[in-house]
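The primary structure of each chain is shown beneath.
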Amino acid sequence: MVTHMKTTVEISDSLLEAAKQIVAREGITLRELIETGLRQAIKDRKQLKPFRLRKASFRGKGLQAPMRGASWERLRELAYEDRGA
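Residues numbered from 1 in each chain as written. Predicted model: local features only at pLDDT ≥ 70, side-chain atom pairs only at ≥ 80, totals over all residues. Heavy atoms only, no water.

Section: the overall build of the protein chain
1) Next: Of the regular secondary structure elements, the protein chain holds 3 helices and 0 strands.
2) Next: The C-alpha radius of gyration of the protein chain comes to 27 Å, more than 25% above the 12 Å expected for a compact globule of 85 residues.
3) Next: Along the longest, intermediate and shortest principal axes, the C-alpha atoms of the protein chain span 70 × 35 × 25 Å.
4) Next: Taking the 18 positively charged and 11 negatively charged side chains of the protein chain as two groups, their mean positions are separated by 12 Å. (Helix = DSSP H or I, 4+ residues; strand = E, 2+ residues; numbered from the N terminus. Rg over C-alpha atoms; globule rule 2.2 N^0.38 Å. Lys, Arg positive; Asp, Glu negative; His and termini not counted. Charge placed at Lys NZ, Arg CZ, Asp CG, Glu CD.)

Spelled out as structure tokens, the structure:
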């Protein structure tokens, strides 16, 4: 069973230099720093909730009767009517 895999990652020179300063100061390896960062990034993304658009209707019951069967193009046309478009 393989527990580690070698890979190549391209990162900016400035990011690598900052990482080298951290590993020297903290007495850890670059591998440890990278793995810690990846674990944190993965953890953060797992905690993100999917975006949900809030209900924003205002005392209404949808489109007015004459507009209920209108196409999106027609609704957009009406929304931008008299706006110089």
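Section: the confidence of the model for the protein chain
1) Next: For the protein chain, mean pLDDT is 88; residues scoring 70 or higher make up 96% of the total.
2) Next: The least confident element of the protein chain is helix H3 (residues 72-79), whose mean pLDDT is 90; the most confident is helix H1 (residues 13-26), at 97. (pLDDT = per-residue confidence, 0-100.)

Some remarks on the pattern of salt bridges
1) Next: The final tally for this structure, using the stated rule, is 3 salt bridges.
2) Next: In this structure, Arg31 and Glu35 form a salt bridge, with 3.2 Å as the shortest nitrogen-oxygen distance. Highlighted residues: Arg31 and Glu35, both in helix H2 (residues 30-47), separated by 4 residues, approximately one helical turn.
3) Next: Residue class for Arg31 comes out partly exposed when judged on its relative accessible area of 45%.
4) Next: Across the salt bridge formed by Arg74 and Glu77, the nearest N and O atoms sit 2.5 Å from each other. Of the two residues, Arg74 and Glu77 both sit in helix H3, 3 residues apart, roughly one turn of that helix. (Salt bridge = Lys/Arg side-chain N within 4 Å of Asp/Glu carboxyl O. Buried < 20%, exposed > 50% of the residue type's maximum accessible area, 1.4 Å probe, protein only.)

Notes on unusual backbone geometry
1) Next: With a phi close to 65°, Asp82 is a non-glycine residue in the positive phi region.
2) Next: Classification of Asp82 by relative accessible area gives exposed; the value is 78%.

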